[in-house]
Amino acid sequence: MKYIALVVALATATAAWAQSPAPSAATILSTLRKEHPRLLATADDFRELRDRLDQQPTAAKWAAAIRAEADSLLTQPPSKYEIPDGKRLLATSRRVLDRTLALGMAFRLTGDARYSARLWRELDTAARFKDWNPSHFLDTAEMTAAFALGYDWLHAEWATEQRATLKQAIIEKGLTPSLEIYRKDRWWAAAEHNWNQVCNGGMTLGALALADEEPALAGEILERAVATVPRAMNHFAPDGAWAEGPGYWDYATKYNVLMLAALDSALGEDFGLSRIEGFSKTGDFPIHITGPLGLTFNYADAGDGAAGGPQLLWLATKFNAPSFAAWRLRLVTGESPASGSSPTAGGFAARKPTVLDLLWGSQWLERKLALQGLPTARHFRGAEVVTMRSAWDDPDATFVGFKGGDNKVNHGHLDLGSFVLDALGRRWALDLGADDYNLPGYFGKGRWDFYRCRAEGQNTLVINPGAEPDQDQKAVAPITRFVSASERNFAIADLSTAYAKSATRVQRGVELRGRAVLIQDEIVAPKPAEVWWFMHTPAEITTNGATATLTLDGRKLTARILQPAGAKFEVMPAEPLLTSPHPPRQQMKSRWSKEGSTGVRKLAIKLADVTDLTLAITFMPDEEGVESSPARPLSKW
């Protein structure tokens, strides 16, 4: 019922926004700032930033790093038109954008003509590309963003002929290809995932850069962008999470923020977009989804690096949320108690400060920021993701990420009920992440043939394994109960729709008590079923019936089956249970094997003839006693 109420509330919020008429092109352009620069920053903003560098050593250090990057580009050739996988120009588009930001900022800070000359070589070359690969429109969007910023930030520096070249490229290769998509309300304009924000963001920057010169074209694009971006933004409700996973949170919010920041700087308002439910809270998501080792709960097609890009600094300012800035600054400085060189240890390695860090973050460097008062457990409703930890700022803390959610989500895996587990400064239960995007069928009908996308490639259950997908692809699993208290944290997910072909009721509870973790499943099946329980781990495993000892870098985690009697652990390779029509490159190498780890294997339990089962497993750090008391029903948690 809670989940149904949440869906109804979200639909109501979405409808309420949609009922507010989108502003017309004339209304949007009525407050346009005529002078350049006007995208993300004005001349006054750049002047204040230059003044701040004289007073803030850290900001000056960041600026020096950006100038050094720009200096390194002076002798490098311009980017080439390259589609190495036959599908995407995206790497080139991103390189042009990164170079535009670095060279553009270096010029705004110094006025050195070497930077503008080098940026012109970059943009002039890309302007002569045959296209910006509109068949994969993310490429077009990111390249348009690069050209918009280059055109705007150095507008006074460009000669008339140079402006004409950049303007023509933006119109012909960026804005015009978007019009058919907007006018037919299809593809990314109708999408509810990251493509919507990235493409709308790039088109918004391009339109705002030329809005005074091409008001009809720019006005139409801006009107449609403002009207369609809520389709994706509404999915931040109610708590700011992102169902596509932490990696796509970074990508979606980066361009969402670029869009809103440009509307603010060029027009003085964002037409209520920043007030969409959940958006003001979205900076909480990367903070809580990242564990004590700097590794995220990387569900869906996500990597496990710590989440949180420079957009957090803009969000911190927009919503007066110092914790958002504190988290981003932690990632940039690398300040964290986590340590260790093992890939299972992760770590908050310092990130190179970006142009957007300097632009949006320098004001936060004046303040003493700390991550204080954060709850040790969070339930992100809508995405139906829970994280729990025994402590903050302790690299040896126990951390669990656990998810219900929706198998239909873009980039999703059949991972309802899956979890990750960190303890003793290492990751013990891991998510393998995405496979190679270019594998045949990976984003098509063959997606569920890939091991990493199936439930058997996750840390969850498989019931009656077969050639067909091992969870219902349309299943939704709500978190039906969540409790966060000082002595214990737990969450219960109803996984019944995921296994409806074989069971009438399937629930999973995950509890963190102190530093110990309990995973408990309850299954009711109408006829005897075969049940598999899986956990992927890089650890060495020794088993003794109902007990398993996991060893990793000299540290030990003990697993014990509390119930049912007679169940025992086994160790299996991280491979499919049975032969099915898998593509030839079934499993891409993981960082665990590439970096010298012992590889990945599965801790597994197989139970036959199941009709009414309670399966309870505890995980205990090596310095604590092993739980042996019988499991309590989830209804009594």
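Everything discussed here concerns the structure shown above.
This is a predicted model, so every value here is computed, not measured.

Cut-offs and rules
- Residues numbered from 1 in each chain as written.
- Predicted model: local features only at pLDDT ≥ 70, side-chain atom pairs only at ≥ 80, totals over all residues.
- Heavy atoms only, no water.
- Helix = DSSP H or I, 4+ residues; strand = E, 2+ residues; numbered from the N terminus.
- Expected span 1.5 Å × (residues − 1).
- Bend = angle between axes of the 7 residues up to and from the residue.
- Polar contact = N/O pair within 3.5 Å; in protein donor to acceptor, adjacent residues only side chain to side chain.
- Contact = heavy atoms within 4.5 Å.
- Patch = residues over 30% accessible without salt bridge, like charges linked within 9 Å, V, L, I, M, F, W, Y side chains within 5 Å.
- Areas by Shrake-Rupley, 256 points an atom, 1.4 Å probe, with all protein chains shown as cover.
- Salt bridge = Lys/Arg side-chain N within 4 Å of Asp/Glu carboxyl O.
- Lys, Arg positive; Asp, Glu negative; His and termini not counted.
- Charge placed at Lys NZ, Arg CZ, Asp CG, Glu CD.
- Pairing = 2+ DSSP bridges.
- Axes fitted to C-alpha atoms, helices over the stretch in contact; angles between N-to-C directions.

Caption draft 1: Looking closely at helix α8 (residues 160–183). The first and last C-alpha atoms of α8 sit 32 Å apart over 24 residues, in line with the 34 Å expected at 1.5 Å per residue. At Leu 175, α8 shows its strongest bend, of approximately 35°, with the proline Pro 177 following within four residues. Backbone geometry just downstream of α8 places Asp 185 in the positive-phi region, at approximately 50°.

Caption draft 2: Seen up close, the side chain of Asp 415. With respect to the element layout, Asp 415 can be found in the loop between β4 (405–406) and β5 (419–423). A polar atom in the side chain of Asp 415 sits 2.9 Å from the side chain of Lys 403. When near neighbours in sequence (up to four residues on either side) are disregarded, Asp 415 contacts Tyr 299, Ala 300, Lys 403, Asn 407, Gln 458 and Gln 471.

Caption draft 3: Quick look at the side chain of Asn 196. Mapped onto the elements of the fold, Asn 196 is located in helix α10 (residues 194–210). Within the structure, Asn 196 has its side chain in polar contact with the backbone oxygen of Thr 228 (distance 3.1 Å). Those residues in contact with Asn 196, other than ones at most four positions away along the chain, are Trp 188, Ala 189, Ala 191, Thr 228, Val 229, Arg 231 and Ala 232.

Caption draft 4: Region of interest: a negative patch on the surface. Together, Asp 45, Glu 48, Asp 51 and Asp 54 make up a region of like negative charge exposed at the surface. For Asp 54, the location among the structural elements is in the loop between α3 (43–53) and α4 (57–73).

Caption draft 5: Region of interest: unusual backbone geometry. His 36 connects to Pro 37 through a cis peptide bond whose omega is -5°. Note that Pro 37 resides in the loop between α2 (25–29) and α3. Phi at Asp 185 is positive, roughly 50°, even though this residue is not glycine. For Asp 185, the position within the fold is in the loop between α8 and α9 (187–190).

Caption draft 6: The arrangement of the sheet that holds β5 in detail. Spatial strand order, β1-β2-β3-β5-β6: 5 strands in an open sheet with antiparallel pairing. Every other strand in the sheet has two partners, leaving β1 (377–380) and β6 (426–429) as the edge strands with one partner each. Within this sheet the neighbouring strands show an average axis-to-axis angle of 15°, counted without direction. Direction of pairing for strand β2 (residues 385–389) relative to strand β3 (residues 399–403): antiparallel, over a ladder of 5 bridges. Residue pairing for β3: Thr 387 is matched across the bridge by Gly 401.

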